[in-house]
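Structural description and commentary
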Amino acid sequence: MKKSSKRQIAISFFLVFLVCIALSASLNIFSKNAVEVQRREATNKIESTSQTARNLVETQINGNFQTMITLASLLGSKVSVNDAESLSTMMQLLYTINEQNNFVRMGFIDTNGIGNFVYLHGEIEWGVDFSQDENMQRALQGEQVFTRTLWDDNLQEYVNRYLVPIYEGGTPYQQDGAPSKIIGVLCGSHYTNTLRYVLS
């Protein structure tokens, strides 16, 4: 009986050992699966949050472009760039408009690249040379431009600029379908922090 008891005890320990190994293996597999599921969920949540942030920024940028396009159309239909009185009227319009939006600076840049700007706090800056600015040149070719983040010496801040062509008569095409002449560029500057604020 002693051998039988020892044998039964050995078999019992062996079975307990096998059950422990099976439980350990199951726990290990379960843990790996749980970690993988958590990793996938975290990745999906990060991607979803990132996409939401991108959508918010794109919505803000598109809304700002719509504002700029509308203003450029208004200016193009109401203002003659060859008339000094008209230029003064345009700067007054920009001053009034700039008080109603969140651009820190707005301005008109003529086809020679010389800009006149109105700041949010009311200051007017005349004769700023943008003739070598590639973004302004693109806008003079009819492109709507949103710049990368730039350091602005006058504002002592990082900004993003919106540049939109201003068409004579206010629209890119005349009633007969012929292209309208570009008479200048409307430029609006936002602090880069404005886009960061949208994300928070």
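No experiment lies behind these values; they were computed from the predicted model shown.

Before going further, it helps to spend a moment on the pairing of strand β6 (residues 157-167). The element β6 is extensively covered by neighbouring structure, given that nine of its 11 residues are classed as buried. The sheet contact formed by strand β4 (residues 145-146) and β6 spans two bridges and is antiparallel. Bridge pairing in β6 places Phe146 opposite Tyr162. The antiparallel hairpin formed by strand β5 (residues 150-152) and β6 contains four residues in its connecting segment, where Gln156 sits at a positive phi of about 55 degrees. The pairing of β6 with strand β7 (residues 182-191) spans nine bridges and is classified as antiparallel. Paired with Val164 across the strands is Leu186, a residue of β7.

Quick look at the nonpolar core now. Counting 21 residues, the largest nonpolar core has Met68, Leu75, Leu94, Met106, Ile166 and Leu186 as its most contacted members. Listed by contribution, the elements that provide at least two residues to this core are α1 (2-78), α2 (84-99), β1 (105-109), β6 and β7. At seven residues, α1 tops the list of elements feeding residues into this core. Leu186 has contacts with Met68, Leu71, Ala72, Leu75, Leu94, Met106, Gly107, Tyr162, Leu163, Val164 and Ile166, leaving out every residue within four places of it along the chain.

Our focus in this paragraph is the pattern of salt bridges. In the structure shown here, the tally under the stated rule is four salt bridges. Of the charged contacts in the structure, one is a salt bridge between Asp152 and Arg105, with a shortest N-O distance of 2.3 Å. Of this pair, Asp152 sits in strand β5 while Arg105 sits in strand β1; the two residues are 47 residues apart in sequence, bridging distant segments of the chain. For Asp152, a relative accessible area of 3% translates into the label buried. Under the relative-accessibility criterion, Arg105 is labelled buried at 3%. For Asp152, the salt bridge identified is with Arg161, shortest N-O distance 3.3 Å.

Criteria and cut-off values
- Residues numbered from 1 in each chain as written.
- Predicted model: local features only at pLDDT ≥ 70, side-chain atom pairs only at ≥ 80, totals over all residues.
- Heavy atoms only, no water.
- Buried < 20%, exposed > 50% of the residue type's maximum accessible area, 1.4 Å probe, protein only.
- Helix = DSSP H or I, 4+ residues; strand = E, 2+ residues; numbered from the N terminus.
- Pairing = 2+ DSSP bridges.
- Core = buried A, V, L, I, M, F, W, Y, C linked by side-chain atoms within 4.5 Å.
- Contact = heavy atoms within 4.5 Å.
- Salt bridge = Lys/Arg side-chain N within 4 Å of Asp/Glu carboxyl O.

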